[in-house]
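Descriptive structure summary
Each chain, letter by letter, is given below.
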Amino acid sequence: MSLLLIVLLPLLGSLLPLLGSNQRRHQCALLTAVMPLIALLVTLRETPGVLAGDVPRLAFSWVPALGLDLALRLDGLSLLFVLLILGIGLLIILYARHYLAEADNMPRFYAYLMLFMTSMLGIVMADNLILLWMFWELTSLSSFLLIGFWSHQSAARKGARMALAVTGMGGLALLAGFILIGQIVGSFDMQTVLDSRDVILADPRYLPALLLVLLGAFTKSAQFPFQFWLPQAMAAPTPVSAFLHSATMVKAGVFLLARLHPALAGSQEWLYLVSLTGLVTMLFGAYFALIKLDLKTILAYSTVSHLGLITMLFGLNSQMAVVAGIFHILNHATFKAALFMTAGIIDHECGTRDIRKLKGLWRYMPMTTALATITAAAMAGFPLLNGFLSKEMMLAETLETPLLGGLAWLIPALATIGSILAAAYSLRYVRNTFFDGKPRELEKTPHEAPFPMRLPVLVLAIVCIIVGLFPAFIATGLLTAAANAALTMPAPELHLSIWHGFNLPLLMSAIALVGGLMVYVLRQHLFTFHRQFPSRDSLAIFEGAVQRLVRFTQWSIDTLENGSLQRYMLWVVISALVVSGMSLMGIETLKGELAIQEADPLLIVGAAITCFAGLATAFLHRRRLISLIMLSVVGLMASLAFARFSAPDLALTQLAVEVVTVILLMLALFFLPQKTPKESSASRIVRDVLMAAGFGGVVASLNYALLTRPLNSISDYFLEHSVPGGGGHNVVNVILVDFRGFDTLGEITVLCIAGIGIYKLLNRLRLFMPSSDSEGRPWSPDRYPMILASVSQSLLPMALLVSVFIFLRGHNAPGGGFIAGLVTAVALILMYIAHGVEWAQQRLSFQYQPIAVAGVAIAALTGVGSWVFGYPFLTSAFGHFHIPLIGDVELATAMLFDLGVYLTVVGATLMILANLGKVTTSHRPSKQKEKA
Amino acid sequence: MEALFATTTGILAASGLYLALRGRTFPVVVGLTLLSYAVNLFLFSTGGLTTDGAAVISDGAGKYADPLPQALVLTAIVIGFAMTAFSVILAMRVRGDVGSDHVNGNRVDEPREDKS
């Protein structure tokens, strides 16, 4: 439970500062500090157990289907980091209280900081890969907020965006890597993964997984070639840099290397990728730290260099090197946080961080000078300070490495060069800032910062000295526990001491310090040399790349989505052709094993008519009315085909729909051009004919292949259960209203929505009304034909009666709600056609929209009704009705559902046609006026 | 008979697609309708072509036509009508608002070959 507290308390703590106000800054800082302090105490209570070898773990199942558990652990490695995060975090809270200006929104700053602290704690304590990744991304997001805290500055916004882009991209790669590892191991549980090294290393997916994980770690830890975001992130307020870019955020990458070291390390790939990247980064960072002019940029590059050093150590596949790496994480965090804070103090008191302007500050701020000198000496690797110890361990390890075989001497040589540069830039940082003459062109006279701002630096400097003087006493226990977690076998026995006798590493350390002094003295030559290179602004390059990416994306969208429906159609058809064509090529013969049925002459004639009408529809499409008539022939033939092949329900439906469709299209054609202009080029026509022929060929082949193969249908179930289960003899209807009632409910809903959509589309539609046809002949002045009017009127009651009959018998004989609804609709539409819209509306004075909606509602309520009786949605019941006075009547609830279908079909169809018909009348009076 | 049926479906589909690739709204709507006929026939035939099959459960009936594709196609016919209606009225609306019946929404109502 205490593990959960360590993570959750700072999370709660991110809300607390918001209770404070910008005016009462003490109170705000105190409120913020409470939760991490408690969390630190909780951690300290756990510490003895962890140092003794316990690994407290805690797990709640979160999303079991994804293998995601809310699982936390506190092993030695986590402990070391938790202490760093909380300890330095508390110092930062104190420092930031005095650093932030009056204008800065302090509660917001603290809230972001605590959010970041929580996500960092989550990373180091996560006991599940996916959970770790989640916190990893949270650090990217919260660091974005922190780096861009001064959002009024362009540099802050750009730096924050760059940091987010780089680390966020790395985070996505990391997720992919974790998923690969999870697939190899079969679990995302941290302990299982750490125990499965042999499985992982033997798997062919090891290399991609390793590359992806390293991509994540290297971007986060600013390793070459991703180092460029870190110097740009220096636009952040200094407390943020001191926290994120010394002790926490950038350490997440090297933490990950240590965390997964037991699972991924040990291979040649790991050795070369990790250690060489680290080495290059170390030299690269150290060189630029020596060149740069801004104090924080110098520190940023030195951080890059030190992170490279740590990465190299983790890459060496040596146990002692891992210990040295972890030790350096600890040491670097202390002296670098302190140095960032001194840089912040200087910036705060002098108004600049330009090393050319700052000189001789020791006169004004003696204590800061002392503290900066101590911590910079630790950074340089000066004896009696903590940096010396881990650096010497590093040098000793580079002597042992098998890397590069016969050229193995290169590694210690390059490491020594890195150390020389480190000594040189540390010396430059101190001497050029605090000594070497008097300051020039300062905006204000510097003075010592308030003591609470110096206190955190003091604490960290004392840590540097104590660890440097008494390494065995202070660090051994924690280091051993941390190394045990990062190694597969118990960590080698540690002999931390200042003096190991005269040996090669000591000589290398001495060379580094003396060489550093020499490089510093001769630095002007280096600067002159460096000036020959054109300066490269990584921010401009990055922004340029982003702009190019945006332009490319815009170009792709414009090219692909050019607004041409024809092109979209073409691509859809091509994809469909390719996919279905491929699968057709996969079958051996087109004809299956079923016997062919004989075709009778009637069928041949029918097929011929259908084909002719279909082709005519296409070929005569420029004469739209004829094309439409041909279309109706096809529809009629389809209806006959349904009847011929034992589907009376379909035949009836198709017939009724055909009537409605043709009426609709005729009405629409009235408002559209009567002829299609000739505009397709010959090549376009050839292309479309080829596409259509290919498509038709594929459809015909598929159909033939399907028809000649034996059928394994689930329909037998429906045939068997229709009468006992659904209470109906017409299986098609029972399927519609009972077995698959839910589908039907969806379909009538779509119908209703289409009707409403059309109603809205027709709203206030003003269209040109032609007074003559395309040939120039005026429309007939006779408004409504007398014969049709009288016949339709006498037919109406008959038609309605028929539709009721079809509806009622639907459950047991061909018919049902769909067909009955269509018949009713056709009968009513006939009235509109015969008498005109005004006449019909006077007599049918109701709206159709409520009818359609009521239909859907009735169907849905029928379904809901079965809940009342404790059955699942849309369970039908039949034969259980006792009506008083009449007695038992066999009725199915499906009938009620079918009534809903009926009403929806009637409502929607009339909504469409009657509203379209109204468009014709709304203009007519005005037209007559014009004539008059 | 199977070959005849398949050929008919294929020809209807080809004609429908050719129309659907035209540049003006009305032929496209007609094409889609034709295409939906072809698809309905195709879907219907997946249950096999049964001649003189019984449609209703009764004691004396011999073989039954497959009811499942029929139920699917029945709703498909009705939905197809809704689709045709919606698209044709959309076409009318476009003509009213844009002044052209070209599917690419070209504002000027004059022949234009789009680049593709």
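Positions within a chain are numbered from 1, following the residues in the order the chain's sequence is written. Labels are handed out in written order, letters beginning with A for the chains and numbers beginning with 1 for the ligands. With pLDDT at 70 or above as the cut-off, local features in this predicted model cover only qualifying residues; side-chain atom pairs require 80 or more to be listed or tallied, and sums for whole chains, interfaces and linings still use all residues. Values shown for side chains rest on all heavy atoms present in the structure; no hydrogens or waters enter the calculation.

An unreviewed UniProt entry annotates chain B as Na+/H+ antiporter subunit C originating from Chromohalobacter moromii. UniProt positions are given in the numbering used here, feature names are shortened, and annotations may be inferred rather than shown by experiment. Under the UniProt heading Sequence similarities (unreviewed entry), the note attached to chain B is "Belongs to the CPA3 antiporters (TC 2.A.63) subunit C family." Note on chain B: under the UniProt heading Subcellular location (unreviewed entry), the record states "Cell membrane".

1. A closer look at the overall build of chain A
Along its length, chain A carries 38 helices and 4 strands. Here chain A, with 932 residues, has 55% of them falling under the buried criterion. The method behind every accessible area is Shrake-Rupley, applied with a 1.4 Å probe, and residues are considered shielded solely by the protein chains displayed. Accessible area of chain A: about 39700 Å², with a carbon and sulfur share of 69%. For the purposes of this entry, the term helix denotes a DSSP run of H or I that reaches at least four residues, the term strand denotes a run of E that reaches at least two, and both are numbered from the N terminus. Here the term buried applies to any residue with accessible area under 20% of the maximum for its type, exposed to any over 50%, and partly exposed to those in between, with areas from a 1.4 Å probe on protein chains only.

2. Things to note about the overall build of chain B
What chain B contains, in helices and strands, is 3 helices and 0 strands. Along chain B, helices and strands appear, N-terminal first, in the series α-α-α. Counting contacts in chain B only where the partners sit at least 6 residues apart, residues at least 24 apart contribute 45% of the total. If you sum the accessible surface of chain B, you get close to 3800 Å²; carbon and sulfur atoms cover 61% of it. Every residue pair with non-hydrogen atoms within 4.5 Å of one another is taken to be in contact.

3. Some thoughts on the packing of aromatic side chains
Two rings from Phe, Tyr or Trp (for Trp, the six-membered ring) form a pair when their centres are within 6.5 Å of each other. A pair whose planes differ by under 30 degrees is stacked, one over 60 is edge-to-face, and the rest are tilted. Overall, the coordinates contain 20 aromatic pairs over all chains when judged by the stated rule. Where Phe 109 of chain A meets Tyr 110 of chain A, the ring centres are 6.0 Å apart and the plane angle is 65°; that geometry is what we call edge-to-face. The same class applies to Phe 109 of chain A and to Tyr 110 of chain A, which are both buried. Ring pairs connect the aromatic residues Phe 224, Phe 284, Tyr 287, Phe 288 and Tyr 301 of chain A, which therefore count as one cluster. Note on criteria: charge over ring means Lys NZ or Arg CZ within 6 Å of the ring centre, with the direction from the centre no more than 35 degrees off the ring normal. Directly above the aromatic system of Tyr 520 of chain A lies the positively charged group of Arg 523 of chain A, at a separation of 4.1 Å from the ring centroid. Its end group placed over the ring of Tyr 18 of chain B, Arg 22 of chain B keeps NZ or CZ at 4.2 Å from the ring centre.

4. Structural notes on helix α3 (residues 67-98) of chain B
Residue and element names in this part refer to chain B. Between its first and last C-alpha atoms α3 spans 46 Å; for 32 residues at 1.5 Å apiece the expected length is 46 Å, and the two agree. Two N or O atoms form a polar contact when they lie within 3.5 Å of each other; inside protein one atom must be a possible hydrogen donor and the other a possible acceptor, and for residues adjacent in sequence the pair counts only when both atoms belong to side chains. In this structure Asp 66 caps α3, since a side-chain oxygen of it lies 3.2 Å from the backbone nitrogen of Leu 68. Looking one or two residues past α3, Gly 99 carries a phi angle of roughly 90°, positive in sign. The span you would expect from a helix comes to 1.5 Å times its residue count less one.

5. Digging into unusual backbone geometry
For the bond from Phe 224 of chain A to Pro 225 of chain A, the omega torsion is 0°, close enough to zero to count as cis. Within the fold, Pro 225 of chain A resides in the loop between α10 (206-220) and α11 (229-232). Despite not being glycine, Asn 317 of chain A shows a phi value in the positive range, around 60°. Phi angles above zero are rare outside glycine, and Asp 52 of chain B is one such case at about 55°. Mapping Asp 52 of chain B onto the fold places it in the loop between α2 (25-45) and α3. Of the residues examined, Asp 52 of chain B reaches a relative accessible area of 70% and is grouped as exposed.

6. Considerations on the pattern of salt bridges
A side-chain nitrogen of Lys or Arg and a carboxyl oxygen of Asp or Glu constitute a salt bridge if their distance falls within 4 Å. The full count for this structure, using the stated rule, is 21 salt bridges over all chains. In this structure, the salt-bridge partner of Asp 101 of chain B is Arg 624 of chain A, at a minimum N-O distance of 3.0 Å. Of this pair, Asp 101 of chain B sits in the segment after α3 while Arg 624 of chain A sits in helix α28 (residues 624-644), which puts the two residues in different chains. Here the two residues Asp 101 of chain B and Arg 624 of chain A agree in accessibility, since each one is buried. Ionic contacts of the salt-bridge type, sharing partners, join the residues Arg 57, Arg 73, Asp 75, Asp 127, Asp 189 and Arg 259 of chain A into one network.

7. Description of the UniProt feature "transmembrane region" (unreviewed entry) in chain B
On the UniProt side, "transmembrane region" (unreviewed entry) is annotated at positions that read residues 71-92 of chain B here. Here residues 71-92 of chain B runs as 100% helix and 0% strand, with 32 Å between its end C-alpha atoms.

8. So, the nonpolar core
Residues and elements named next belong to chain A. Among the nonpolar cores identified, the biggest contains 198 residues, and Phe 178, Ile 181, Trp 229, Leu 264 and Ile 326 are the most heavily contacted of them. With 19 residues, the top contributor of residues to this core is helix α17 (residues 319-350). Once residues within four sequence positions are removed from consideration, Phe 178 is found in contact with Leu 129, Leu 132, Trp 133, Phe 188, Val 213, Leu 256 and Leu 260. Here the nonpolar core consists of buried residues drawn from Ala, Val, Leu, Ile, Met, Phe, Trp, Tyr and Cys, with membership extended through side-chain atoms lying within 4.5 Å. Of all hydrophobic cores here, the second largest spans 121 residues; its members include Leu 570, Val 573, Ala 613 and Leu 874.

9. Focus on the packing of helix α4 (residues 76-99) of chain A against α17 of chain A
For any two helices packed against each other, one specifies the crossing angle of their axes together with the interaxial distance. All names here are of chain A. Throughout, an axis means a line fitted to C-alpha atoms (over the contacting stretch in the case of helices), and angles, computed between N-to-C directions, take values from 0 to 180 degrees. Closest axis-to-axis distance for the α4/α17 pair is 11 Å, and the angle between their directions is 5°. Relative to α17, the element α4 is oriented roughly parallel. For the pair α4 and α17, the contacting residues are Leu 77, Leu 80, Phe 81, Leu 84, Ile 88, Ile 92, Tyr 95, His 98 and Tyr 99 in the first and Ile 326, Ile 329, Leu 330, Ala 333, Ala 337, Phe 340, Met 341, Gly 344, Ile 345, Asp 347 and His 348 in the second. By residue class, the composition of the contact of α4 with α17 is 16 nonpolar, 3 polar and 1 charged. An angle counts as roughly parallel when it lies under 35 degrees, as roughly antiparallel when it exceeds 145, as roughly perpendicular when it falls between 65 and 115, and as oblique in every other case. Only Asp, Glu, Lys and Arg are considered charged, only Ala, Val, Leu, Ile, Met, Phe, Trp, Tyr, Cys and Pro nonpolar, and every remaining residue, Gly among them, polar.

10. Here we look at a nonpolar patch on the surface
All names here are of chain A. On the surface, Leu 384, Ile 462, Ile 466, Leu 469, Phe 470, Phe 473 and Ile 474 cluster together into a nonpolar patch covering about 670 Å² of accessible area. Every element with two or more residues in the nonpolar patch is listed here: α21 (451-469) and α22 (471-486). Broken down by element, the nonpolar patch gets its largest block of residues, 3 residues, from α21. For Ile 474, the location among the structural elements is in helix α22. Two distance rules govern patches: like charges are joined within 9 Å, and nonpolar side chains (Val, Leu, Ile, Met, Phe, Trp, Tyr) within 5 Å, applied only to residues with over 30% relative accessible area and no salt bridge.

11. Concerning the interface of chain B and chain A
On the side of chain A, 108 residues touch chain B, which itself brings 84 residues to the contact. Take the accessible area each of two parts loses on contact, using a 1.4 Å probe, and add the two losses: that sum is the buried area. Carbon and sulfur atoms supply 74% of the area that chain B and chain A bury against each other, a total of about 8900 Å² over both sides. Counting the surface chain B buries against chain A, the share from its top three residues, Phe 26, Phe 81 and Met 92 of chain B, is 9%. Viewed at the interface, chain A and chain B are joined by 2 salt bridges. Of the charged contacts in the structure, one is a salt bridge between Arg 22 of chain B and Asp 688 of chain A, with a shortest N-O distance of 2.1 Å. Inspection of the chain B/chain A interface yields 21 residue pairs in polar contact (both at pLDDT 80 or more).

12. Structural notes on the packing of α17 of chain A against helix α18 (residues 366-380) of chain A
Residues and elements named next belong to chain A. Put simply, α17 and α18 touch, their axes get as near as 9 Å, and they point 145° apart. With respect to the hand of their crossing, α17 and α18 are arranged in left-handed fashion. In this structure, α17 uses Phe 335, Lys 336, Ala 338, Leu 339, Thr 342 and Ile 345 to contact α18, whose residues at the interface are Thr 368, Ala 372, Thr 375, Ala 376, Ala 378 and Met 379. Considered class by class, the residues forming the contact of α17 with α18 number 8 nonpolar, 3 polar and 1 charged. In a left-handed crossing the near helix is turned counterclockwise from the far helix by less than a right angle, and in a right-handed crossing that turn is clockwise.

13. A few points about the environment of Ala 424 of chain A
All names here are of chain A. Position of Ala 424 relative to the elements: it lies in helix α20 (residues 410-434). In this structure, the C-alpha to C-alpha distance between Ala 424 and Ala 380, residues 44 residues apart in sequence, is 7.7 Å. Excluding residues within four positions of it along the chain, Ala 424 makes contact with Leu 290, Gly 516, Val 519 and Tyr 520.

14. Describing the environment of Leu 257 of chain A
Residue and element names in this part refer to chain A. Tracing the backbone through its elements, the reader meets Leu 257 in helix α13 (residues 251-259). Residues Leu 257 and Phe 218, spaced 39 residues apart in sequence, show a C-alpha to C-alpha distance of 9.4 Å. In contact with Leu 257, other than residues within four places in its own chain, are Leu 214, Ala 217, Phe 218, Trp 270, Val 274, Thr 311 and Phe 314.

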